[in-house]
Amino acid sequence: MKRIWLLAVIAVLLNACSFQPPKEGEPVGPAEILLAQAQEKQAAGESEQALALVERALRLEPRKAEGWLALARLHYEGGDLRRAKQFARRALQFAGADKRLVRESRALLERIRAE
Amino acid sequence: MPKQRPASAAPRKSRRSILYKSLFSLNLVGLLLLAGYTLYLDGVVRDKFQGKRWSVPSRVYARALELYPQRPLTPGQLLTELKLIGYQPSPDGLSPRTYRRQDDSFVITTHTFRHWDSTEPGRSISLQFADGQLASLRDAVTGEPLTLVRLEPMMIGIIHPANLEDRVLVRLKDLPPILPAALQAVEDRHFATHHGLDFRAIARAAWANLRAGRVVQGGSTLTQQLVKNFYLDSKRTLTRKLNEALMSLLLELHYSKDEILEAYANEIYLGQDGSRAIHGFGLAAHFYFNKPVQELTLPETALLVAILRGPAYYDPRRHPGHALERRNLVIETIWHDGLIDRGQAQAAEAASLGVTPKPNLGNGRYPAFLELVKRQLHHDYHDEDLRSEGLRIFTTLDPIIQEASEQALIRHLERDHSKVKLEGGVVVTRLGSAEVEAVVGGREPRYRGFNRALDIQRPVGSLLKPALYLTALSQPERYTLATRVDDGPVELKQSNGSVWSPTNYDHESHGQVLLVTALSHSYNQAAVHVGLDLGLRQVVGTLHALGIDKRIHPYPSVILGSLGLAPIDMAQMYQTLGDEGFYTPLRAVREVLDANQKPLQHYALETEQRFAPRYVYLVNQALRLALHQGTGQSVGRHLPPDMFLAGKTGTTDDLRDSWFAGFGNDHAAVVWVGNDDNAVTGLTGASGALPVWADIMKQINVTKGAAPPPGNIVTVAVDAETGLRAGSGCDIQYELPFVQGSAPQAYAPCAGGVVKRSVGSFWERIKGLLR
């Protein structure tokens, strides 16, 4: 959240014309928007569409750990543990110094291992 | 034959009744035959009409260009894309499928397009470029900032049925209402009321023809014209005419006027594009006006109606005079019929033909890439279905990267070596998604010939060495980048008794060298020593894990790349390296939609971790070094250092094949240059393939800076001579990455000898951090 908030602040600084600062937690970049849409689709039970949106987001930003983690979660929820594990590892690879993402990726890997 | 001469009246009478009887029975037989024949024709008609009436070719699309603020993109690249998707310049850029450019700003009006996952609405957008990126993206009408817009993808291919017919199916309700009305007014005035044949029209045509002494008018109804199109050829025989008449009556018996009209709209022949036959108004609208049929204006509609009378004679591109005259005749006719008013008619007649330049896209611009697409699809689809089911295939081709790659290859092959007919092949992929973005099959990329990107089997030389060193570095207790390896002469007795003694490219032995130097300078002797130490099966295992599917015999020569492979195979291997050990199968197709726009198949992203990122990272660092200090330095020196490119040269014996494979932050690419007849090129990997590779990579890799290293990596300065820790007294030192715990502990003599200095070590570390 903090990171996204920071991004939002930067976006405002960069773009003087946009006078409305985005609310906290609101997606800012195109990849974030696609990931948010994917979440909505997933909630509506349209997992195939959700998958397509996450892949589209990853095409824009291949190193986006959130995207890989979203793929891992989609597969985990779909019961495909093998894919879930591989994508979670990929998320971990790109999580870098982002503690929240590292923690969440590890937690998912742990859950997969436990099943 | 009568035996006697007959003389009486009675027999005559009976003879007459026999005649009548036989005539009657003959009639009966005839009628029966006719009825049978009619039934047969009825079957044919229904078959043609109902069954698979139209085979619709599959259409293949490139990736859609995604536009969003801060996206790295130049105005030139956008312009390339706009031209390839067939957008035309216009004064304000506000009509659909047009654009206006003023230096670094664009106004583009897109068209609604059904992508795989959703429909992108058409809209007018304004774009501003600055510093190599899209600085702002706004709605051109409201001025609101936009976050993400997808353009229509370029259509890159049509997979045709055998008869080369092409069409875009339309429904009657999609046609502008004036189109069917004009069609009837001009071609078949009584369509709404006749039963398939129009005797008044036939009589009128016959009269006109008689007066003119030649065929000037046809009396065929739309139904008859449709039936005529059921036949493949256009013979004009009496039998055929009778058949057509009969079939027209039958068609009208079975089907409604609307059904017949819709069939006509999809069947009618309207032009020719090389070997491709343009059928139906749906495709004709695209072919002549680059727009969907719904958007045709009155004069455009009239032109299509004009053309169908004789698509060759009235071809608006070849014979604009003929086309214009007939179009205006059509407009006059529908005005006289009261379908339009005088003002409309005058405006329409004054309008230009409005025909767009013949789209040179579609079939055949990128045959080498299309070949890869077909190979991927043939795993899941029959050829027959691809050719006739009207599938929409969304691929991964990036036209901007494809064009850049083609031009780079051609430029270098022509400039440097014009005396020999050098050939080449290129594959470019995207890191992360492993999507194939460009495939160049040779120096004539429009020519559907031998595909050097996919089909050559040439020894890859040193391109395999990263696999060897990855095997070694995956055992950090035995090998690090600072491990000294032997580059002394090698002599191997082979099973046939001969001795194999590979040498270095410079024909020198370099004694004990650091592993990082052995890789970045591509020393053959060192590679063989390390390979034999590791065991060939291990190395072969690594090659397979990196994604090389081919069977590999564990001969020592494999270490030096005696294996014959294609650029696409190498692309897979370097993709896995670029993705830090995650294997993702290369894909050329993303999605397939059926004719009703329903998703049929999604080729989902797959990934599998095959190596620990930290070991691959070590190899990649050495490959980065190779480009700046090693075999690639001739070109690498001139590359922007913040691009962090990494790669490996491959040169085969006698300089026959020149390879370069590598990656940046965003893309991996493989280039092969050589002769088709395997003649000597005189080129090394660095002098042949590398300049092409560098040319491409400079244009397409946009993410600057080094990606953060994986966890558990420390950087230590080592002495180039001994591989031990360096200090201020060492002349040449390398900053090398090590997996934590594997860095050398001891100090080099130049750094104060073998004495361990814990304090010094601490300070060296601080200095390392600050460096």
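As the structure is a computational prediction, the values presented were derived from the model and not from experiment.

Asks: What is the right way to read the overall build of chain B from this model?
Replies: Across its full length, chain B holds 24 helices and 32 strands. Over its C-alpha atoms chain B spans a radius of gyration of 36 Å, topping by over 25% the 28 Å that the globule rule assigns to 771 residues. Along the first, second and third principal axes, the C-alpha set of chain B runs to 145 × 80 × 45 Å. Residue burial in chain B is summarised as follows: out of 771 residues, 47% are buried.

Asks: Any chance you could explain the overall build of chain A here in plain terms?
Replies: The number of helices and strands found in chain A is six helices and zero strands. The N-to-C order of helical and strand elements in chain A reads α-α-α-α-α-α. Relative to its 115 residues, chain A shows a buried fraction of 43%. The long-range fraction of contacts in chain A, counting pairs at least 24 apart against all pairs at least 6 apart in sequence, stands at 38%.

Asks: Would you mind showing me how to read the confidence of the model for chain A here?
Replies: Detailed reading of predicted coordinates is not advised where the pLDDT is low. Residue and element names in this part refer to chain A. Overall, the predicted model of chain A reaches an average pLDDT of 80, with 77% of residues at or above 70. Within chain A, helix H4 (residues 65–77) carries the highest mean pLDDT (96), whereas helix H1 (residues 2–14) carries the lowest (38). pLDDT under 50 marks residues 1–23. Its contacts with residues more than four places away, or in other chains, come to 15 contacts.

Asks: Even after reading the chapter, I still don't get the environment of leucine 639 of chain B, so can you show me in this structure?
Replies: All names here are of chain B. Structurally, the position occupied by leucine 639 is in the loop between helix H22 (633–636) and strand E28 (646–651). For leucine 639, a count of 19 C-beta atoms within 10 Å translates into the label partly exposed. Distance from leucine 639 to arginine 587, taken between C-alpha atoms, is 29 Å for residues 52 residues apart in sequence. Those residues in contact with leucine 639 that sit more than four places away from it in its chain are Leu627, Leu645, Ala694 and Lys698.

Asks: I tried to follow helix H19 (residues 536–545) of chain B on my own but got confused; where do I start?
Replies: Because each turn of an α-helix spans 3.6 residues, side chains separated by three or four positions end up pointing in the same direction. Residues and elements named next belong to chain B. Of all the positions in H19, only Val539, Val540, Thr542 and Leu543 are classed as buried. For H19, the buried positions fall inside an angular range of 155° around the axis, keeping them on one side. Each element contacted by the buried residues of H19 is listed here: helix H16 (465–473) and helix H18 (524–534).

Asks: What is the right way to look at unusual backbone geometry in this model?
Replies: Most peptide bonds are trans, and most residues other than glycine sit at a negative phi. Residues and elements named next belong to chain B. The backbone phi angle of arginine 97 is positive, close to 60°, even though this residue is not glycine. With respect to the helices and strands, arginine 97 occurs in the loop between strand E3 (88–89) and strand E4 (98–102). Note on arginine 97: 22 C-beta atoms within 10 Å, which makes it buried. The phi dihedral of glutamine 597 is positive, around 70°, even though this residue is not glycine. What makes glutamine 597 exposed here is the crowd of 12 C-beta atoms within 10 Å.

Asks: Help me understand the domain arrangement of chain B, please; the structure alone is not making it clear to me.
Replies: Often the size quoted for an interface is simply the accessible area lost on bringing the parts together. By domain assignment, chain B separates into domain 1 (62–154), domain 2 (165–350), domain 3 (407–700) and domain 4 (713–770). Taking only C-alpha atoms into account, the centre of domain 2 of chain B sits 58 Å from that of domain 3 of chain B.

Asks: Hey, could you run me through helix H5 (residues 81–95) of chain A in this one?
Replies: Its 15 residues place the ends of H5 of chain A 20 Å apart at the C-alpha level, agreeing with the 21 Å of an ideal helix rising 1.5 Å per residue. Summarising burial for H5 of chain A: twelve of the 15 residues are buried, a large majority. Summarising the contacts, the buried residues of H5 of chain A are in contact with H4 and helix H6 (99–114) of chain A together with strand E24 (582–583), strand E27 (608–609) and helix H21 (613–628) of chain B. Downstream of H5 of chain A by a residue or two, glycine 96 of chain A has a phi angle that is positive, lying close to 55°.

Asks: How should I be thinking about the sheet that holds strand E29 (residues 657–663) of chain B in this particular structure?
Replies: Sheet strands line up and pair through hydrogen bonds in the backbone, either parallel or antiparallel. All names here are of chain B. Taking strand neighbours across the sheet as the criterion, the five strands line up as E17-E16-E30-E29-E28 in an open arrangement whose pairing is antiparallel. On the outer flanks of this sheet lie strand E17 (436–440) and E28, each paired with one strand and no other. The average angle at which neighbouring strand axes cross in this sheet is 5°, direction not considered. Two strands pair when backbone bridges link them, and strand E16 (residues 423–430) and strand E30 (residues 667–674) are joined in this way by eight bridges, in the antiparallel orientation. From the neighbouring strand, glycine 425 faces E30, where its bridge partner is tryptophan 672. Each of E28 and E29 is contacted by H21, which is oriented at about 65° to E28, the strand it contacts most.

Asks: Looking at this structure, I do not really get the nonpolar core. What am I missing?
Replies: Note on soluble globular proteins: their nonpolar side chains tend to be buried together. One finds Val54 and Ala91 of chain A to be the most contacted residues of the largest nonpolar core, which totals 181 residues. With residues near it in sequence (within four places) discarded, valine 54 of chain A still touches Leu35, Ala38, Gly67, Ala70, Leu71 and Leu74 of chain A. In terms of nonpolar packing, the next biggest core, distinct from the first, is built from 49 residues, Leu175, Ala285, Phe287 and Ala323 of chain B among them.

Asks: Can you help me understand the sheet that holds strand E15 (residues 392–395) of chain B in this one?
Replies: Residue and element names in this part refer to chain B. Read across the sheet, five strands follow the order E11-E1-E15-E25-E26 without closing on themselves; strand pairing throughout is mixed. Of all the strands in the sheet, the pair left with one neighbour each is strand E11 (155–159) and strand E26 (599–602). Here the average twist between neighbouring strands, direction ignored, is 20°. Inspection of the sheet shows strand E1 (residues 58–61) paired to E15 by three bridges, in the parallel sense. Counterpart to tyrosine 61 in the pairing with E15 is phenylalanine 394.

Asks: Would you explain the confidence of the model for chain B in this entry?
Replies: Residue and element names in this part refer to chain B. Model confidence for chain B is summarised by a mean pLDDT of 88, while 92% of its residues fall at 70 or above. Below pLDDT 50 for its whole length, residues 1–10 participates in one contact with residues either more than four positions away or in separate chains. Here residues 755–763 scores under 50 on pLDDT; set against residues more than four positions off or in separate chains, the count is two contacts. Listed scores for the predicted complex are pTM 0.82 and ipTM 0.80.

Asks: I tried to follow the packing of helix H2 (residues 30–43) of chain A against helix H3 (residues 47–60) of chain A on my own but got confused; where do I start?
Replies: A pair of packed helices is characterised by two quantities: the angle between their axes and the separation of those axes. Residue and element names in this part refer to chain A. Relative orientation of the contacting elements H2 and H3 amounts to 170°, with a least axis distance of 8 Å. Taken as axis vectors, H2 and H3 run roughly antiparallel relative to one another. Along its contact with H2, which presents Pro30, Ala31, Leu34, Leu35, Gln37, Ala38, Lys41 and Gln42, the element H3 presents Ser47, Gln49, Ala50, Leu53, Val54, Arg56, Ala57 and Leu60. Looking at the contact of H2 with H3 residue by residue, the class counts come to ten nonpolar, four polar and two charged.

Asks: Got a minute to help me understand the packing of H2 of chain A against H4 of chain A in this structure?
Replies: Residue and element names in this part refer to chain A. Direction vectors running N to C along H2 and H4 enclose 15°, while the axes themselves pass 11 Å from each other. By the criterion of interaxial angle, the relationship of H2 to H4 is roughly parallel. The two elements H2 and H4 cross, and the hand of that crossing is left-handed. Across the interface between the two elements, Ala31, Leu35, Ala38 and Gln42 from H2 touch Glu66, Gly67, Ala70 and Leu74 from H4. The class makeup of the residues in the contact of H2 with H4 is five nonpolar, two polar and one charged.

Asks: How do you make sense of the pairing of strand E14 (residues 276–279) of chain B when you look at a structure like this?
Replies: Regular strands show a simple pattern: their side chains alternate between the two faces of the sheet. Residues and elements named next belong to chain B. Where strand E12 (residues 165–167) and E14 come together, three bridges link them in parallel fashion. Opposite arginine 167, over in E14, you have histidine 279 as the bridge partner. Taken together, the four bridges between strand E13 (residues 269–273) and E14 define a ladder with antiparallel strand orientation. When the sheet's bridge partners are listed, aspartate 273 is paired in E14 with arginine 276. Hairpin geometry of E13 and E14 is characterised by an intervening segment of two residues between the two adjacent antiparallel strands and by a positive phi of about 65° at glycine 274.

Asks: Help me out: how do you make sense of the environment of leucine 618 of chain B in this one?
Replies: All names here are of chain B. You can see leucine 618 is positioned in helix H21. Sequence separation of leucine 618 and arginine 342 is 276 residues, and the distance between their C-alpha atoms is 79 Å. With residues up to four places along the chain from it excluded, the contact list for leucine 618 reads Leu473, Leu481 and Pro737.

Asks: Explanation requested: the pairing of E15 of chain B in the structure shown.
Replies: All names here are of chain B. Of the two faces of E15, the one holding Arg392 and Phe394 and the one holding Ile393 and Thr395 are both buried throughout. In this structure, E15 lies alongside strand E25 (residues 589–593), joined through four bridges in antiparallel fashion. Residue pairing in the sheet places phenylalanine 394 in a bridge with glutamate 591 of E25.

Asks: Would you mind going over the environment of valine 45 of chain B with me for this structure?
Replies: Residues and elements named next belong to chain B. Secondary-structure assignment places valine 45 in helix H1 (residues 9–50). Note on valine 45: 21 C-beta atoms within 10 Å, which makes it buried. C-alpha separation for the pair valine 45 and tyrosine 61, spaced 16 residues apart in sequence, amounts to 35 Å. Sequence-distant contacts of valine 45, defined by excluding residues within four places in its chain, comprise Met247, Leu250 and Leu251.

Reading guide: rules and limits
- Residues numbered from 1 in each chain as written.
- Chains lettered and ligands numbered in written order.
- Predicted model: local features only at pLDDT ≥ 70, side-chain atom pairs only at ≥ 80, totals over all residues.
- Helix = DSSP H or I, 4+ residues; strand = E, 2+ residues; numbered from the N terminus.
- Rg over C-alpha atoms; globule rule 2.2 N^0.38 Å.
- Buried ≥ 20, exposed ≤ 12 C-beta atoms within 10 Å, placed from the backbone.
- Contact = placed C-beta atoms within 7 Å.
- pLDDT = per-residue confidence, 0-100.
- Arc of directions from axis to C-beta.
- Domains from an automatic or database assignment.
- Expected span 1.5 Å × (residues − 1).
- Pairing = 2+ DSSP bridges.
- Axes fitted to C-alpha atoms, helices over the stretch in contact; angles between N-to-C directions.
- Core = buried A, V, L, I, M, F, W, Y, C linked by C-beta atoms within 7 Å.
- Parallel < 35°, antiparallel > 145°, perpendicular 65-115°, else oblique.
- Nonpolar A, V, L, I, M, F, W, Y, C, P; charged D, E, K, R; others polar.
- Left-handed = near helix turned anticlockwise from the far one by under 90°.

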